[in-house]
Amino acid sequence: MTNLPERPVPPSRPGGTAGGRSVGGRRRGAGKRFLVVGDVLDGVIVHTRAQATGDHDATAEIRHRPAGAAGNTATWLGWLGADVDLVGRVGVDDVYRHERALEDAGVRPHIRYDARTSTGAVVSVRSDFGRTSMSDGGASAVLSADDVPSDLAGRADIVHLTGEAMLGTGGADRVAALVERARAGAARVSLDPSSVGVVRAIGAADLLGALDGVDVLLPGRAEAAALSGTTDMDEAARILTETVPLVLVTLGVDGVLLGRRGRVPQRVPATPATVVDTLGAGDAFAAGFIRAWATDQVRVGSAAREGTRVAARALGFVGGRPPV
């Protein structure tokens, strides 16, 4: 989610324990357990002043960061004080490094390793003309339902599935198997398609068919259009709620479109933010939303506003994760 450069309005952060913060006399997310399943990647973040292909920029800012949609969402949940586990897959040489980065952010990692495949990577290049991202799923691309322990899914209140590398390979059957494993217990299931590339790789009809059992869908504008076949976001939300009862389409500076089955879509404005880097803002929105929604399925608009506040905070940092 991309917001206009304005004065930042940071979300309230819990006071130190993982019990959840108080909102309107209630503690949002208190006593709830979250499980995030998906991409854990190595990130290379580039900010260049190059004007054209072939230009050499000797002063480019290049930073290495842990990345990946699942890692981003889980660490924002941890930053918010949530009780959160993460299941991911990396190369055998990188297990300790990624486990440590997640633990430092308050996340319990359950990292599988792959001796034959390296850790996936994402390269994000920012310039005066916008941002371009390229990714190589690596080990994350072979993460499957078999990597998610049934007892871990069974203890969760919310299971969040996310990540282009994980969802974009293996077809609709793989997505359906992940959703089935997520529902091993009584958990509600949220899914972020992560990129329009996932929709194109699987096919819109097949992907929608694999979402049986998903409670919340969190697409961006491009993913919503690709899934629904229309660029009219109100109509897209209506179409998507025929498959998933609750749909939140993130629209950048236009905020969020909230779709509920049988209701007129609701607009939730973006929280003003100072934009440093848009990478991971959608993952931060997902964290803020599902944490607030976990304890109150009725006040969905309020949970969406919390998501925009966390996304605004994420826009103020380089990379997709909170500072720890």
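Residues numbered from 1 in each chain as written. Predicted model: local features only at pLDDT ≥ 70, side-chain atom pairs only at ≥ 80, totals over all residues. Heavy atoms only, no water.

(A) Focus on the layout of surface pockets. As a volume, the largest pocket reaches approximately 930 Å³. Together, 38 residues line the largest pocket, and R131, S194, S195, L279 and G280 are the ones closest to its centre. When contributions to the lining of the largest pocket are tallied by element, the ones reaching two or more residues are α1 (69-79), β8 (119-127), β9 (130-138), α4 (164-167), α8 (221-228) and α10 (281-293). If you tally residues by element for the lining of the largest pocket, the top one is β9, at six residues. A breakdown of the residues in the lining of the largest pocket according to their chemical character gives 13 nonpolar, 17 polar and eight charged. Quantified by volume, the second largest pocket comes out at close to 190 Å³. Along the walls of the second largest pocket sit 13 residues, with P66, R321, P322, P323 and V324 positioned nearest its centre. (1 Å grid on protein atoms, 1.4 Å probe; cavity = no way out; pocket = protein on both sides within 12 Å on 5 of 7 lines; lining within 4 Å. Points joined across faces, edges and corners; volume = space filled by probe spheres on them. Helix = DSSP H or I, 4+ residues; strand = E, 2+ residues; numbered from the N terminus. Nonpolar A, V, L, I, M, F, W, Y, C, P; charged D, E, K, R; others polar.)

(B) Fine view of the packing of aromatic side chains. Taken as a whole and assessed by the stated rule, the structure comprises three aromatic pairs. With 6.3 Å between their ring centres and 15° between their planes, F285 and F289 make a pair best called stacked. Taken as a pair, F285 and F289 lie in helix α10 at a separation of four residues, close to a single helical turn. Here F285 and F289 have matching classes, each one buried. Here F289 and W293 contribute two aromatic rings whose centre-to-centre distance is 5.9 Å and whose plane-to-plane angle is 15°, an arrangement assigned as stacked. Within this pair, F289 and its partner W293 are both found in helix α10, separated by four residues, close to a single helical turn. The pair formed by F289 and W293 is uniform in burial state, with each residue classed as buried. In this structure an aromatic cluster arises from ring pairing among F285, F289 and W293. Taking NZ or CZ as reference, R188 lies 4.4 Å from the ring centre of W293, over its face. (Phe/Tyr/Trp six-rings, centres within 6.5 Å; stacked < 30°, edge-to-face > 60°. Buried < 20%, exposed > 50% of the residue type's maximum accessible area, 1.4 Å probe, protein only. Lys NZ or Arg CZ within 6 Å of the ring centre and 35° of its normal.)

(C) Spatial organisation of helix α5 (residues 171-182). Helix length check: α5, at 12 residues, gives a terminal C-alpha distance of 17 Å against a target of 16 Å (1.5 Å per residue), a fit within 8%. Of all the residues in α5, the buried ones are A172, R174, V175, L178, V179 and A182. Projected onto a plane normal to the axis of α5, the buried residues spread over an arc of 160° and lie on a single side. Of the exposed residues in α5, the ones pointing more than 90 degrees away from its buried face are D173 and E180. (Expected span 1.5 Å × (residues − 1). Arc of directions from axis to C-beta.)

(D) Layout of the sheet that holds strand β15 (residues 266-268). The strand order across the open sheet formed by nine strands is β7-β6-β3-β10-β11-β12-β13-β14-β15, and the pairing between neighbours is mixed. Because the sheet does not close on itself, it has two edges, and the strands there are β7 (107-114) and β15. Two strands pair when backbone bridges link them, and strand β14 (residues 256-260) and β15 are joined in this way by three bridges, in the antiparallel orientation. When the bridges of β15 are listed, V256 appears paired with V268. With respect to the sheet, α1 is in contact with β3 (33-38), β6 (83-91), β7 and β10 (158-162), its orientation differing from that of β3 by roughly 160°. The sheet contacts of helix α9 (residues 233-240) involve β12 (216-217), β13 (246-250), β14 and β15, and relative to β14 the element is tilted by about 35°. (Pairing = 2+ DSSP bridges. Contact = heavy atoms within 4.5 Å. Axes fitted to C-alpha atoms, helices over the stretch in contact; angles between N-to-C directions.)

(E) Representation of the sheet that holds β8 within the structure. Ordered in space as β5-β4-β8-β9, the four strands form an open sheet in which the pairing is mixed. A single partner strand is all that each edge strand has here, and the edge strands are β5 (61-67) and β9. Within the sheet, the average angular offset between the axes of one strand and its neighbour, ignoring direction, is 15°. Pairing analysis gives six bridges linking strand β4 (residues 41-47) to β8, with the strands arranged parallel. Bridge pairing in β8 links V46 to V125. With respect to the sheet, helix α2 (residues 95-104) is in contact with β4, β5 and β8, its orientation differing from that of β4 by roughly 75°.

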